[in-house]
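# A look at the structure
The chain contents come next:
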Amino acid sequence: GNSVTQMEGPVTLSEEAFLTINCTYTATGYPSLFWYVQYPGEGLQLLLKATKADDKGSNKGFEATYRKETTSFHLEKGSVQVSDSAVYFCALSDGGSGGGADGLTFGKGTHLIIQP
Amino acid sequence: GAVVSQHPSRVICKSGTSVKIECRSLDFQATTMFWYRQFPKQSLMLMATSNEGSKATYEQGVEKDKFLINHASLTLSTLTVTSAHPEDSSFYICSARNLRGMGYGYTFGSGTRLTVV
């Protein structure tokens, strides 16, 4: 079945530091890959996505590149802000083509803390 | 943009009672909605896929008689936790497939914190 593995936190950084959150996946078929962000007390918001190999998703200074050869989708940001503090989830969907459910498979989430 | 409204945001109920959670797509039609459960400091686990006009598809290990799902229209899916027990306390989140705008994407509700006492 499908699975997503991401680095566990919490990850604590100082403001303006460089951020990398690693994410690797296992899937049958050709999945789409997503990063979602969850702020305290809120639901999930789509941060960025990529639907095929070598695609780069980007939004709000965050970016991630779909690497089929390494089955990875690492999230990066050049200069983080306090307001980026949240939980970040890597996820995949194969649209049911892998024989599983048509919903998303999530990683465990990475809690990011940015200190002033 | 696509919006999914989930209600209530918080509910406290007594053991043995039932609780209904609503998930509405406000500005788009959703033939498919998804229900997830999130335990503290853990990831979201897909519970079931809700299909408009047909029976829901449940993931392995999810009791369909306990977690009743109804998707009666293109904009509304409901999850009813029947005969709730303290171990059902969790954060439940719905999601709808949105085929407009960004194309292949999922929009999430803001979640429901269920506490069974």
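Attention in this report is confined to the structure presented alongside it. (Residues numbered from 1 in each chain as written. Chains lettered and ligands numbered in written order. Predicted model: local features only at pLDDT ≥ 70, side-chain atom pairs only at ≥ 80, totals over all residues. Heavy atoms only, no water.)

### A closer look at the interface of chain B and chain A
Let me state the cut-off plainly: Contacts: residue pairs with any heavy atoms within 4.5 Å of one another. Buried area: the sum, over both parts, of the accessible surface (1.4 Å probe) that disappears when the two are put together. Salt-bridge detection follows one rule: a side-chain nitrogen of Lys or Arg within 4 Å of a carboxyl oxygen of Asp or Glu. Two N or O atoms count as a polar contact when they lie within 3.5 Å, although within protein this holds only if one can serve as hydrogen donor and the other as acceptor, and sequence-adjacent residues are included solely when both atoms are side-chain atoms. Numbering of helices and strands runs from the N terminus, with a helix taken as a DSSP run of H or I at least four residues long and a strand as a DSSP run of E at least two residues long. Residues are grouped as follows: Ala, Val, Leu, Ile, Met, Phe, Trp, Tyr, Cys and Pro are nonpolar; Asp, Glu, Lys and Arg are charged; every other residue, Gly included, is polar.
Between chain B and chain A, the residue contacts involve 19 residues of the former and 20 residues of the latter. Here chain B and chain A share an interface that buries about 1,500 Å² over both sides, 58% of which is from carbon and sulfur atoms. Our enumeration of links across chain B and chain A arrives at zero salt bridges. For the pair chain B and chain A, the number of links is five residue pairs in polar contact (both at pLDDT 80 or more). Counting residues per element, the ones that place at least two in the side of chain B that touches chain A are β4 (32-38), β5 (44-51), β9 (90-98) and β10 (105-108) of chain B. For the side of chain B that touches chain A, the residue count by class is 10 nonpolar, seven polar and two charged.

### What to know about the side chain of Ser50(B)
Locating Ser50(B) in the fold gives a position in strand β5. There is a polar contact of 2.8 Å between the side chain of Ser50(B) and the side chain of His71(B).

### Thoughts on the state of the cysteines
All names here are of chain B. Test applied: We call a pair of cysteine sulfur atoms a disulfide whenever their separation is within 2.5 Å. Only protein chains enter the accessibility calculation, which uses a 1.4 Å probe; a residue whose area is less than 20% of its type maximum is buried, one above 50% is exposed, and one in between is partly exposed.
Tallied over the entire structure, the rule returns two disulfides over all chains. Here Cys 23 is linked by a disulfide to Cys 94, with a sulfur-sulfur distance of 2.0 Å. Residues Cys 23 and Cys 94 are joined through a disulfide that is right-handed, its torsion about the S-S bond being 80°. Taken as a pair, Cys 23 in strand β3 (residues 19-25) and Cys 94 in strand β9 lie far apart in primary sequence, 71 residues in all. For the residue pair Cys 23 and Cys 94, the accessibility class agrees, reading buried in each case. The thiol of Cys 13 is not disulfide-bonded; the next cysteine sulfur, from Cys 94, is found 18 Å away. On the basis of relative accessible area, Cys 13 is assigned to the buried category, the value being 9%.

Fair warning: the whole summary comes from geometry, so function is off the table for now.
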